[in-house]
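# Reading the structure
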Amino acid sequence: MTQHADDIDTRWAIHWSSPERGAWAADRFGRTVGEVKRDDSGYVATRGRRTIGRFRSLDAALDAVDRRPLTTADPSSRLWTMLLATVNVGILAAISLVTAVILR
């Protein structure tokens, strides 16, 4: 995995450490965002609680953790996002209506 320092915005860069032999941890702003562990068949990359996949090389596993988006919307979180957006739009509409009535 080769990256040039000029190509990376260091504020958002993932920092890698090796807390134990055969394991690598990825963190951003001091919060663990993923890890790679070596097992019998290669390297297992995880992001949060989800396994991204098994890879033959360490570089491929590190790249998989590094390139995957930090948040993936599962169906339940999409539903909550839609619900909250609807509630917020309703609140704004109610405030606008009350303001229009008062200013009349």
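The shown structure was predicted, so the numbers you read here are calculated from the model rather than taken from an experiment.

Calculation criteria
Residues numbered from 1 in each chain as written. Predicted model: local features only at pLDDT ≥ 70, side-chain atom pairs only at ≥ 80, totals over all residues. Heavy atoms only, no water. Salt bridge = Lys/Arg side-chain N within 4 Å of Asp/Glu carboxyl O. Helix = DSSP H or I, 4+ residues; strand = E, 2+ residues; numbered from the N terminus. Buried < 20%, exposed > 50% of the residue type's maximum accessible area, 1.4 Å probe, protein only. Patch = residues over 30% accessible without salt bridge, like charges linked within 9 Å, V, L, I, M, F, W, Y side chains within 5 Å. Areas by Shrake-Rupley, 256 points an atom, 1.4 Å probe, with all protein chains shown as cover. Pairing = 2+ DSSP bridges. Axes fitted to C-alpha atoms, helices over the stretch in contact; angles between N-to-C directions.

On to the pattern of salt bridges, then. Evaluation of the coordinates by the stated rule reveals two salt bridges. Across the salt bridge formed by R54 and D39, the nearest N and O atoms sit 2.4 Å from each other. Here R54 is found in strand β5 (residues 50-55), whereas its partner D39 is found in strand β3 (residues 31-39), with 15 residues between them in sequence. With a relative accessible area of 56%, R54 lands in the exposed category.

Attention now moves to a nonpolar patch on the surface. A cluster of nonpolar side chains, W80, L83, V87, I91 and I95, forms an exposed patch at the surface whose accessible area comes to about 500 Å². Tracing the backbone through its elements, the reader meets I95 in helix α2 (residues 75-103). Classification of I95 by relative accessible area gives partly exposed; the value is 48%.

Below, the discussion takes up the sheet that holds strand β4 (residues 42-47). Read from one edge to the other, the open sheet built from five strands follows the order β1-β2-β3-β4-β5, with strand pairing classed as antiparallel. The open sheet has two edge strands, β1 (15-20) and β5, and neither has a second partner. Geometrically, the sheet is characterised by an average inter-axis angle of 25 degrees between neighbouring strands, direction not taken into account. One ladder, built from five bridges, connects β3 with β4; its direction is antiparallel. Residue pairing across strands places K37 opposite V44, the latter belonging to β4.

In this sheet, strand β2 (residues 23-28) lies alongside β1 in antiparallel orientation, the contact comprising four bridges. Paired with W16 across the strands is A26, a residue of β2. Where β1 folds back onto β2 in an antiparallel hairpin, the turn is made up of two residues, including G22, whose phi is positive at roughly 85 degrees.

Honestly, it's all geometry; don't read function into it.
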